Amino acid sequence: MATQTAPFQLPPLPWPENALDPVISANTLSFHYGKHHRAYVNKLNELVQGTRFADMTLEQIVKESAGKDQKVFNNAAQAWNHTFFWNCLRKEGGKPSGALASRIDADCGGYDAFKQKFADAAVNCFGSGWAWLVEKDGKLDIVATSNAGTPIAQGQTPLLTLDVWEHAYYLDYQNRRPDYAAAVIDKLLNWDFAAEQLEKAKQRKAA
Ligand code: MN
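Residues numbered from 1 in each chain as written. Predicted model: local features only at pLDDT ≥ 70, side-chain atom pairs only at ≥ 80, totals over all residues. Heavy atoms only, no water.

**Q** Describe the nonpolar core, naming the residues involved and giving the relevant values.
**A** With 69 residues, the main nonpolar core has Phe114, Leu133, Leu162, Tyr180 and Trp191 as its most contacted residues. Dropping the residues within four chain positions of it, Tyr180 is found in contact with Ile24, Phe85, Leu162, Asp163, Val164, Ala168, Tyr169 and Tyr173. (Core = buried A, V, L, I, M, F, W, Y, C linked by side-chain atoms within 4.5 Å. Buried < 20%, exposed > 50% of the residue type's maximum accessible area, 1.4 Å probe, protein only. Contact = heavy atoms within 4.5 Å.)

What follows is the structure, encoded as structure tokens:
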């Protein structure tokens, strides 16, 4: 996927649509993945056809369109963010371990403090957006982005994200975004995926 150019395909989910039930229902995923994510990919393919973006990877399009071409950026970033988000989730959940756990302790004040800060970022993100655990300037941090905003456009390395657009939770939680955030953070976060992102960033820096 990293080297692919348009037309982009909707990547398959890393698990069956009912795998995250009841924290995120199959019904929610059928709309969120099957309709919303698919629409961003389709719209992006329409927009980039015959443009300077046609020969770029998805990540390059996100970076090159940021602050310059809002329509392309919105659809490219949403296509990228959603694929990343699905990989941040798994039915087994878990907790950080090893080197990543040490970084969470050092930079976020421990796992419990991380959970609180990440939930706060999710709940306090006004309107639509995303909460993120990122590495920036050599430290882990928790940030929120609005709408399609994504840390990869700002030179940061995302490790985990939580989609807090209403389409991510409204069918299961209605207006209760705090309940959705707490449940996902407690039960679904894929810390092995987060650790892989940190390791890849380290290898990129060493290269
Ligand atoms: Mn979404």
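**Q** Before we move on, could you go through the coordination of the manganese ion and cite the residues and values that matter?
**A** Protein coordination at the manganese ion: the donors are His32 (NE2), His82 (NE2), Asp163 (OD) and His167 (NE2), at 1.9 to 2.1 Å from the metal. Along the chain, the residues donating to the manganese ion are arranged with the sequence spacing H-x49-H-x80-D-x3-H. Here the residue His32 occupies a position in helix H1 (residues 26–48), and His82 occupies one in helix H3 (residues 70–87), the gap between them amounting to 50 residues. Like His82, His32 is buried. (Donors = N, O, S within 2.8 Å, 3.2 Å for Na, K, Ca; no water. Helix = DSSP H or I, 4+ residues; strand = E, 2+ residues; numbered from the N terminus.)

**Q** Quick one: what's the story with the pattern of salt bridges, residue by residue and with numbers?
**A** On inspection of all chains with the given rule, the structure shows 11 salt bridges. Across the pair Lys136 and Asp141 runs a salt bridge, and its minimum N-O distance is 3.4 Å. On the accessibility criterion, Lys136 (29% relative accessible area) is partly exposed. Asp179 serves as the salt-bridge partner of Arg176, at 3.1 Å between the closest nitrogen and oxygen. On the basis of relative accessible area, Arg176 is assigned to the partly exposed category, the value being 35%. Overlapping salt bridges bring together Arg103, Asp107, Glu135 and Lys205 as one network. (Salt bridge = Lys/Arg side-chain N within 4 Å of Asp/Glu carboxyl O.)

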